[in-house]
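Below are the chains, spelled out letter by letter.
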Amino acid sequence: MELNRRSLLAAIGAGTAAALTGCGTGTGTSAAGSADGPAEGEITLLTPIYEGAKGKKLLEGDILGGFRKKYPDVKVNVDYTTYDQLNEKITTGLAGGLLPDVLMMGVGWIPPFAAKGAIAELPEKLAETHDYEKRVLEPSRHDGKLYALPVVLDTRIVVYRKDHFAEAGIRKTPANWSELRAVAKQLTTKGRVGFDPFSINLRQCWETFLFANGGQLFSADGKKPLFTDARGVESLQFFKDLVADGSADYARKTDTGAPSNVQTGQGSMMMTTSALWVQVKEQNPELIEQDKLGSFVLANRRPAMLQGGTLVSQSASSKHPAAARALVEYLATPESILGAAQQRGSVPGLRDLSDTAYVKENQFVDLSLKNLQHAVSEGGTAAWMEIREKIVPTLEPAIVGDQSAKDAIAELGRLAEAAIGRM
């Protein structure tokens, strides 16, 4: 793959607080100027992306190949993991005092790790090195300071079957939940659900609905849950209403990587990510060739698009901070970002890349970039790594069982308050 600038860009909670606090972070390595000096030495990169043989070739061959040419005195060892295992890997590294020099982590993860001094503050000038969309940099900060740089974004949008809409005589996409519920009912037939909100992570799906309903997760200081109000309850209740209508079915959700209900025709609409475009190209290219897929941003009181993604940060305990800083910066260049975005079907958060062939070809990425003003990130509290793991098991009983949406949200609120209180 030619990387050309113009051709295209378990939880940490109370149980690990002691490990974080006790982990040695070096002397002064959290200061923005600590990476002065020559970039040299042997460092380790921990990453949950660049999956599979193609991802490994992209990272170790193309991206790190370019890095080696620029920094010949730095050797990079790569530690591959998955997002499901990333929390545990980092926690284990902190407890053992062997945290990797460079860490790639998710949106919402920066405040917890920065609050414990595990990652180093970055110079503010790095935020101006490239033409970042303003919204994209917000998850990289804690207490107003920069601790990470964005690599790729993963947005949550609605994808629908244009042919199903046409057959039903539906001429426009839903503008609010009332219309969404009505359209979902209209599209539901024997063997087909009108809407599949459950084939993405329930946490991410509920958050997207919360944001579209005008709600928030936490207060600005991260010390108070705000999702316990009526807007949080309404967001969960909407799922229950869809299930009651028969136009959504929690049991019919599909696994990541498996053909989705929209692909197989067993669903007319679904919550998903821009990566579905790449999956469809590989599994059902005729759907793209025949222009059968469309997409839109979820809206109710406001349009909202959950912005997840992968950020890159520097360990505060690195013995080679200059080398680690150099790699952080390199992984966030347009060339590196473009390669990672193409491989994953993700969204590049740089204006430099908005007019590239990749963005124009992937219609879900194009939609996401055009709607970044409506993007909202999860997280926002130093206790997020504990709270995030409790969201799905706490909300799920309200969808698959008899628990009320109000009771489930109240219980999640109590768990969140307890987690925040332990920080």
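Enquirer: Could you clarify how one ought to interpret the overall build of the protein chain in this entry?
Expert: A count of helices and strands for the protein chain gives 18 helices and ten strands. Taken over the C-alpha trace, the protein chain has a radius of gyration of 22 Å; the compact-globule value for 423 residues is 22 Å, and the two agree within 12%. If you sum the accessible surface of the protein chain, you get close to 17,000 Å²; carbon and sulfur atoms cover 48% of it. Considering the protein chain, the positive charge centre built from 47 side chains and the negative charge centre built from 50 side chains are found 2 Å apart.

Enquirer: Please clarify how the environment of lysine 240 should be interpreted in this entry.
Expert: Relative to the assigned elements, lysine 240 resides in helix α9 (residues 230-245). Distance in space between the C-alpha atoms of lysine 240 and valine 400 is 8.7 Å, their sequence separation being 160 residues.

Enquirer: I would appreciate a short explanation of the layout of surface pockets in the present structure.
Expert: Leftover empty space is mapped by rolling, across the atoms, a probe with the size of a water molecule. Approximately 820 Å³ is the volume attributed to the second largest pocket. As for the second largest pocket, its lining consists of 32 residues, of which Ser219, Ala220, Gly379, Gly380 and Thr381 are closest to the centre. Of the residues that constitute the lining of the second largest pocket, the class distribution is twelve nonpolar, twelve polar and eight charged.

Enquirer: Even after reading the chapter, I still don't get the pattern of salt bridges, so can you show me in this structure?
Expert: For side chains of opposite charge, pairing can occur when their charged atoms come near one another. For the structure on display, the rule yields 21 salt bridges. A salt bridge links glutamate 361 to lysine 281; its shortest N-O distance comes to 3.3 Å. Here glutamate 361 is found in helix α15 (residues 357-361), whereas its partner lysine 281 is found in helix α11 (residues 276-283), with 80 residues between them in sequence. On the basis of relative accessibility, which here comes to 36%, the residue glutamate 361 falls in the partly exposed class. Linked by salt bridges that have partners in common, Arg181, Lys185, Asp241 and Asp245 make up one network.

Enquirer: What am I meant to see in the nonpolar core here?
Expert: One recurring pattern in soluble globular proteins is that nonpolar side chains are buried together. In terms of nonpolar packing, the biggest core is built from 68 residues, with Ile90, Trp206, Phe209, Leu236 and Met269 touching the most fellow members. Setting aside chain neighbours within four positions, we find phenylalanine 209 in contact with Trp177, Leu180, Phe195, Ser235, Phe238, Phe239, Met271 and Leu298. Membership of the second largest hydrophobic core comes to 60 residues, among which are Tyr50, Leu59, Val152 and Leu369.

Enquirer: Please clarify how the packing of aromatic side chains should be interpreted in this entry.
Expert: Two measures describe an aromatic ring pair: the distance that separates the ring centres and the angle between the ring planes. Counting across every chain of the model gives 17 aromatic pairs. For the ring pair tyrosine 83 and tryptophan 109, a centre distance of 5.8 Å and an interplane angle of 80° mean the geometry is edge-to-face. With tyrosine 83 in helix α3 (residues 83-96) and tryptophan 109 in the loop between β3 (102-106) and α4 (110-115), this residue pair connects regions lying 26 residues apart in the sequence. On the basis of relative accessibility, which here comes to 28%, the residue tyrosine 83 falls in the partly exposed class. The class for tryptophan 109 is buried, based on a relative accessible area of 1%.

Enquirer: Teacher, can you tell me more about the side chain of glutamine 263 here?
Expert: By the element assignment, glutamine 263 lies in helix α10 (residues 261-264). Looking at glutamine 263, the relative accessible area reads 6%, which means it is buried. Side chain to side chain, glutamine 263 and glutamine 283 meet in a polar contact 2.9 Å long. Among residues more than four places away in sequence, those in contact with glutamine 263 are Arg161, Ala258, Leu276, Gln279, Val280, Gln283, Asn284 and Leu287.

Enquirer: Looking at this structure, how should I read the environment of leucine 236?
Expert: Position of leucine 236 relative to the elements: it lies in helix α9. Taking the C-alpha atoms as reference, leucine 236 lies 9.5 Å from glutamate 207; in sequence the two are 29 residues apart. Not counting residues up to four positions away in its chain, the partners in contact with leucine 236 are Trp206, Leu395, Ala398, Ile399, Ala405, Ala408 and Ile409.

Enquirer: Can you walk me through α9 in this structure?
Expert: Helix length check: α9 (16 residues) gives 22 Å between terminal C-alpha atoms against 22 Å at 1.5 Å per residue, within 8%. Among the residues of α9, Gly232, Val233, Ser235, Leu236, Phe238, Phe239, Lys240 and Leu242 are the ones counted as buried. Contacts made by the buried residues of α9 are with α7 (177-187), α8 (202-212), α17 (384-400) and α18 (405-421). A side-chain oxygen of the first residue of α9 lies 3.1 Å from the backbone nitrogen of arginine 231; this N-cap is aspartate 229. Positive phi shows up at glycine 246, right after α9, with a value of about 85°.

Enquirer: Hey, could you run me through α11 in this one?
Expert: One turn of an α-helix holds 3.6 residues; hence residues three or four places apart share an orientation. Buried within α11 are the following residues: Leu276, Trp277, Gln279 and Val280. Projection of α11 onto a plane perpendicular to its axis shows the buried side chains occupying an angular sector of 160°, all on one side.

Enquirer: Just to check I follow, could you spell out unusual backbone geometry for this structure?
Expert: A negative phi holds for most residues other than glycine; trans holds for most peptide bonds. A positive phi angle, near 65°, is found at tyrosine 50, a position not held by glycine. Tracing the backbone shows tyrosine 50 in the loop between β1 (41-47) and α2 (52-70).

Enquirer: Explain the side chain of threonine 273 here, please?
Expert: Tracing the backbone through its elements, the reader meets threonine 273 in strand β7 (residues 269-273). What makes threonine 273 buried here is its relative accessible area of 17%. Here threonine 273 is in contact with Thr155, Arg156 and Phe364, once residues within four sequence places are set aside.

Enquirer: So what exactly am I meant to see when it comes to the pairing of β7 here?
Expert: Two faces belong to every sheet, and in a regular strand the side chains alternate between them. Among the five residues of β7, five are classified as buried, and the element is accordingly described as predominantly covered. Because side chains alternate across β7, one face comprises the buried residues Met269, Met271 and Thr273, and the other comprises Met270 and Thr272, equally buried. With five bridges connecting them, strand β6 (residues 148-161) and β7 associate as antiparallel partners. Each bridged residue has a counterpart across the sheet, and for valine 159 the counterpart in β7 is methionine 270.

Enquirer: Could you clarify how one ought to interpret the environment of valine 151 in this entry?
Expert: Mapped onto the secondary structure, valine 151 falls in strand β6. The buried category is assigned to valine 151, whose relative accessible area is 1%.

Cut-offs used in this document
- Residues numbered from 1 in each chain as written.
- Predicted model: local features only at pLDDT ≥ 70, side-chain atom pairs only at ≥ 80, totals over all residues.
- Heavy atoms only, no water.
- Helix = DSSP H or I, 4+ residues; strand = E, 2+ residues; numbered from the N terminus.
- Rg over C-alpha atoms; globule rule 2.2 N^0.38 Å.
- Areas by Shrake-Rupley, 256 points an atom, 1.4 Å probe, with all protein chains shown as cover.
- Lys, Arg positive; Asp, Glu negative; His and termini not counted.
- Charge placed at Lys NZ, Arg CZ, Asp CG, Glu CD.
- 1 Å grid on protein atoms, 1.4 Å probe; cavity = no way out; pocket = protein on both sides within 12 Å on 5 of 7 lines; lining within 4 Å.
- Points joined across faces, edges and corners; volume = space filled by probe spheres on them.
- Nonpolar A, V, L, I, M, F, W, Y, C, P; charged D, E, K, R; others polar.
- Salt bridge = Lys/Arg side-chain N within 4 Å of Asp/Glu carboxyl O.
- Buried < 20%, exposed > 50% of the residue type's maximum accessible area, 1.4 Å probe, protein only.
- Core = buried A, V, L, I, M, F, W, Y, C linked by side-chain atoms within 4.5 Å.
- Contact = heavy atoms within 4.5 Å.
- Phe/Tyr/Trp six-rings, centres within 6.5 Å; stacked < 30°, edge-to-face > 60°.
- Polar contact = N/O pair within 3.5 Å; in protein donor to acceptor, adjacent residues only side chain to side chain.
- Expected span 1.5 Å × (residues − 1).
- Arc of directions from axis to C-beta.
- Pairing = 2+ DSSP bridges.

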